[in-house]
Amino acid sequence: MVDVERCIECGKIIKDKSHSPYCKECDEKLDRQFDNIEDNILVYKELLDSEIETLNKFEKEDIEDLYKRVYKKYKSDGKLDDDGLRVLNKLKESFKLEEGKMGLPTIPVVKETREERLLKNNQCPKCEREIQKDFNLCPYCGYRLKKDFK
Ligand SMILES: [Zn+2]
Ligand SMILES: [Zn+2]
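It should be emphasised that the depicted structure is a prediction, and the values quoted were computed from it without experimental measurement.

### Details of the coordination of the zinc ion (ligand 1)
Surrounding the zinc ion (ligand 1) are the protein donor atoms Cys7 (SG), Cys10 (SG), Cys23 (SG) and Cys26 (SG), which sit 2.2 to 2.3 Å from the metal. Around the zinc ion (ligand 1), the four donor atoms sit at angles spanning 104 to 119 degrees, and that spread fits a shape best called tetrahedral. When the donor residues of the zinc ion (ligand 1) are listed from N- to C-terminus, their spacing reads C-x2-C-x12-C-x2-C. Of this pair, Cys7 sits in the segment before α1 (24–44) while Cys26 sits in helix α1, placing them 19 residues apart in sequence.

### Observations concerning α1
Since there are 3.6 residues in each turn of an α-helix, residues three or four apart along the chain are aligned in direction. In a regular helix each residue adds 1.5 Å, so 21 residues correspond to 30 Å; α1 covers 30 Å between its end C-alpha atoms and thus fits that length. Every buried residue belonging to α1 is among Cys26, Leu30, Phe34, Ile37, Glu38, Ile41 and Leu42, and all of these are buried. Down the axis of α1, the buried side of the element spans an arc of 145 degrees, and every buried residue falls inside it. Of the exposed residues in α1, the ones pointing more than 90 degrees away from its buried face are Lys24, Arg32, Asn36, Val43 and Tyr44. Close packing links the buried residues of α1 with α2 (49–55), α3 (60–77) and α4 (82–95). Directly after α1, the chain includes Lys45, whose backbone phi takes a positive value near 55 degrees.

### Focus: the domain arrangement of the chain
Examined at the domain level, the chain breaks down into domain 1 (24–110) and domain 2 (112–150). Spacing between the C-alpha centres of domain 1 and domain 2 amounts to 25 Å. In this assembly, five residues from domain 1 lie in contact with five residues from domain 2. The contact between domain 1 and domain 2 buries some 370 Å² in all, and 54% of this surface belongs to carbon and sulfur atoms. For the domain 1 face of the interface with domain 2, the top three residues by lost area are Glu46, Leu48 and Arg86, together amounting to 77%. At the boundary of domain 1 and domain 2, one finds one salt bridge. Notably, a salt bridge pairs Arg86 with Glu116, separated by 4.0 Å at the nearest N-O pair. In this structure, the connection of domain 1 to domain 2 is made through zero residue pairs in polar contact (both at pLDDT 80 or more). Of the residues that constitute the side of domain 1 that touches domain 2, the class distribution is two nonpolar, one polar and two charged.

Definitions and cut-offs
Residues numbered from 1 in each chain as written. Chains lettered and ligands numbered in written order. Predicted model: local features only at pLDDT ≥ 70, side-chain atom pairs only at ≥ 80, totals over all residues. Heavy atoms only, no water. Donors = N, O, S within 2.8 Å, 3.2 Å for Na, K, Ca; no water. Tetrahedral: all angles 85-135°; square planar, octahedral: opposite > 155°, others 65-115°. Helix = DSSP H or I, 4+ residues; strand = E, 2+ residues; numbered from the N terminus. Expected span 1.5 Å × (residues − 1). Buried < 20%, exposed > 50% of the residue type's maximum accessible area, 1.4 Å probe, protein only. Arc of directions from axis to C-beta. Contact = heavy atoms within 4.5 Å. Domains from an automatic or database assignment. Buried area = accessible area lost by both parts, 1.4 Å probe. Salt bridge = Lys/Arg side-chain N within 4 Å of Asp/Glu carboxyl O. Polar contact = N/O pair within 3.5 Å; in protein donor to acceptor, adjacent residues only side chain to side chain. Nonpolar A, V, L, I, M, F, W, Y, C, P; charged D, E, K, R; others polar.

Printed below as a string of structure tokens:
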């Protein structure tokens, strides 16, 4: 039996054996996505659930390095405010990172915003009427419920 390695993203056979489970094209594509996500985090202090899914395709070490870079950048720019902490907390919880292991101080847990609390309760943050989880817009007042919905 021939031992072929296939890209776990697109299924193509990987010709040159590498450490990566992805083919060259997917590897490069993922790297670009990673860079975009990092930019979003640094500039907009936003980390969307869809971005978490993309980050899930990377090694934990990559995520730890990302966390370290973001933490240090926020700190040196004086941007380690609630929004910044929320992003870091989300990263930390999603990937079960431990600051101690990364050689960083523990960050405070930021309480969820009113908006986040209402959304969790399936309520529109604006009109507070009941909504369904998969709605992109509030059917009553048109409020944009999903940040990544354009
Ligand atoms: Zn591929
Ligand atoms: Zn509404």
